[in-house]
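Geometric and topological summary
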Amino acid sequence: MPSPQLVRWNPCLEPHRFNDTEVLQRLSCMSIKGDMFLVANLGTKQPCQSGDQGCPRDGRYQFNTNVVFSNNGTLVDRYRKYNLYFEAAFDTPRQVDHTIFETPFAGKFGVFTCFDILFFDPAIRLLGDSEVKHIVFPAAWMNQLPLLAAIQIQSAFAIAFGVNLLAANIHHPSLGMTGSGIHTPLKSVWHHDMENLTGHLIIAKVAKNPQGLVGTENATDQMDPSHGKFLKILAGDPYCEKDSQEVHCDEATKWNMNAAPTFYSEMMYDNYTLVPVWEKEGYLRVCANGLCCFLLYQRPTLSKELYALGAFDGLHTVHGTYYVQVCALVKCGGLGFDTCGQEVTEATGLFEFHLWGNFSTSYIFPMFLTSGMTLETPDQLGWENDHYFLRKSRLSSGLVTAALYGRLYERD
């Protein structure tokens, strides 16, 4: 495949200019027929010489590539995946592609692929261009609950960075691959289906300049009772005495009943420190290494389910190596502590809550799922007194996961 930076080429109108480009020709003609910009993922090859120390034995590099066509069929850009995920057939490009293409209808779009979303390069560096308001994201993402389902990370990225994310995931349920969507910071339209083999076309109208959620009050009253309690705790209210697990206050409202026991369980292949969420209302704290996570909650009724608040601060080393700080409220797979961290998709427990932690990174993804693989948007997100918090009331269905997933890229 020729470099779009070096060669201006319209494969549909010039099909014989380069050999072995039938797929590019078809995509180019599709973009003309649809009068649309088109981004597609495919494998591409690039010949190399024996003098190139990295050149494979067969004399060619193979890249996991996104190609970008304009509405007149011209190949305008490409992106070669940098963060490979067990892809033995593909090579890592020597330099990271920072691919941004411009459209006449919505300005600048950035492009990256699948596993890239978890790393600084190219995903975060692209957003250094403040004019990039939209991301196109092809993927072959295997869902992993409770924290990294496809639609979960897609929505979290859009919310965290205040951009529109157009995500097209391969639909292959037997491999655990499903979940695509058009995500804005305030709303998502998505498709997740582990039962049927047919895919789904997603169409949505989005803002050219998306309105962000992070740091806004999002039409909520800061002085409602629960937020007042939250602010008092963070301010170190003199009427409240905090210990390792609970807070005692000399006010009419009790903040918590009994101290909950700390336990450990594996979640996402990492060893989390957790406390059970047993009561109808309360305030809990759990710490791991330097990260402390806090939960202030109320429940309209108690369900016959076990929930837990978990913390992890360390290097994740399974299926990729990257450093995370995570505060997570999760529904457990059963009633035993050892089931906390298992994959769950259905739940009935309703909560109104504040979840927060003393994160040492500003790159924090709000992960939010309710029963039936339903996405929820936080009421409020942001920093308060050196802690990052997520606030939510009025869930549409039972809570599966509410998490703040922090990435410390410099410690990978």
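It should be noted that the structure appears before, not after, this text.
These numbers were taken from a predicted model, which means no experiment stands behind them. (Residues numbered from 1 in each chain as written. Predicted model: local features only at pLDDT ≥ 70, side-chain atom pairs only at ≥ 80, totals over all residues. Heavy atoms only, no water.)

For the protein chain, the count of helices and strands is 4 helices and 23 strands. Expected size for 412 residues packed as a compact globule is a radius of gyration near 22 Å; at 23 Å, the protein chain falls within 12% of this value. If one aligns the C-alpha atoms of the protein chain with their principal axes, the spans along those axes are about 80 × 45 × 40 Å. Burial statistics for the protein chain: of 412 residues in total, 55% are counted as buried. Sequence-distant contacts, at least 24 apart, represent 63% of the contacts inside the protein chain between residues at least 6 apart. As displayed, the protein chain has an accessible area near 18900 Å², and 50% of this comes from carbon and sulfur atoms. A gap of 6 Å separates the mean positions of the 31 positive and 42 negative side-chain charges of the protein chain. (Helix = DSSP H or I, 4+ residues; strand = E, 2+ residues; numbered from the N terminus. Rg over C-alpha atoms; globule rule 2.2 N^0.38 Å. Buried < 20%, exposed > 50% of the residue type's maximum accessible area, 1.4 Å probe, protein only. Contact = heavy atoms within 4.5 Å. Areas by Shrake-Rupley, 256 points an atom, 1.4 Å probe, with all protein chains shown as cover. Lys, Arg positive; Asp, Glu negative; His and termini not counted. Charge placed at Lys NZ, Arg CZ, Asp CG, Glu CD.)

Let us now look at helix H3 (residues 150-161). Taking 1.5 Å per residue as the helical rise, H3 with its 12 residues ought to reach 16 Å, and the 17 Å between its terminal C-alpha atoms agrees with that figure. Among the 12 residues that make up H3, 11 are buried, leaving the element largely enclosed by the rest of the structure. Within H3 the residues assigned to the buried category are Ala150, Ile151, Gln152, Ile153, Gln154, Ser155, Ala156, Phe157, Ala158, Ile159 and Ala160. With its phi angle positive at about 65°, Gly162 sits one or two positions after the end of H3. (Expected span 1.5 Å × (residues − 1).)

Before going further, it helps to examine the pattern of salt bridges. Where side chains of opposite charge bring their charged atoms close, a pairing between them can arise. In total, this model carries 12 salt bridges according to the counting rule given. Of the charged contacts, one joins Glu87 and Lys81 as a salt bridge, the two residues approaching to 2.6 Å between their closest N and O atoms. The pair formed by Glu87 and Lys81 is uniform in burial state, with each residue classed as buried. Between Arg407 and Asp412 there is a salt bridge; the shortest N-O distance is 2.8 Å. Classification of Asp412 as partly exposed rests on a relative accessible area of 36%. One network of salt bridges, with partners in common, ties together Lys108, Asp129 and Glu131. (Salt bridge = Lys/Arg side-chain N within 4 Å of Asp/Glu carboxyl O.)

In total, this model carries 5 disulfides according to the counting rule given. Here Cys287 is linked by a disulfide to Cys292, with a sulfur-sulfur distance of 2.0 Å. Taking the sign of the torsion about the S-S bond as the criterion, the disulfide between Cys287 and Cys292, at about 105°, is right-handed. Residue Cys287 is classed as partly exposed on the basis of its relative accessible area, which comes to 28%. Disulfide pairing places Cys293 opposite Cys327 at an S-S distance of 2.0 Å. Torsion about the S-S bond of the Cys293 and Cys327 cystine: about -80°, corresponding to left-handed handedness. (Disulfide = S-S within 2.5 Å.)

Here we come to the environment of Ala89. For Ala89, the location among the structural elements is in the loop between strand S3 (75-80) and strand S4 (99-103). Judged by its relative accessible area of 48%, Ala89 is partly exposed. Put simply, Ala89 and Phe105 are 16 residues apart on the chain and 36 Å apart in space, counted from C-alpha to C-alpha.

It is worth spelling out the side chain of Asp270 at this point. Along the chain, Asp270 turns up in strand S13 (residues 270-277). In this structure, Asp270 is buried with no salt-bridge partner, the nearest side chain bearing the opposite charge being Arg407 at 10 Å. Setting aside its immediate chain neighbours within four residues, Asp270 contacts Ser265, Phe312, Leu315 and His316.

A word on the pairing of strand S22 (residues 387-392). Of all 6 residues that make up S22, 6 are buried, and the element is covered over most of its length. Of the two faces of S22, the one holding His387, Phe389 and Arg391 and the one holding Tyr388, Leu390 and Lys392 are both buried throughout. Pairing analysis gives 5 bridges linking strand S18 (residues 352-357) to S22, with the strands arranged antiparallel. Within S22, the position partnered with Phe353 by the bridge is Lys392. When strand S21 (residues 380-384) meets S22, the two strands line up antiparallel, connected through 5 bridges. Note that in S22 the partner of Gly382 across the bridge is Phe389. Linking S21 to S22, which pair antiparallel, is a turn of 2 residues; within it Asn385 sits at a positive phi near 55°. (Pairing = 2+ DSSP bridges.)

One finds Leu118, Leu148, Phe157 and Tyr405 to be the most contacted residues of the largest nonpolar core, which totals 53 residues. When residues in this core are grouped by element, the largest group, 6 residues, is from H3. For Phe157, the contacting residues outside a window of four places in its chain are Phe112, Ile117, Ala123, Ile124, Leu127, Ile135, Val163, Leu165 and Phe365. Judged by nonpolar contacts, the second largest core, of 38 residues, contains Leu213, Ala311, Ala347 and Phe359. (Core = buried A, V, L, I, M, F, W, Y, C linked by side-chain atoms within 4.5 Å.)

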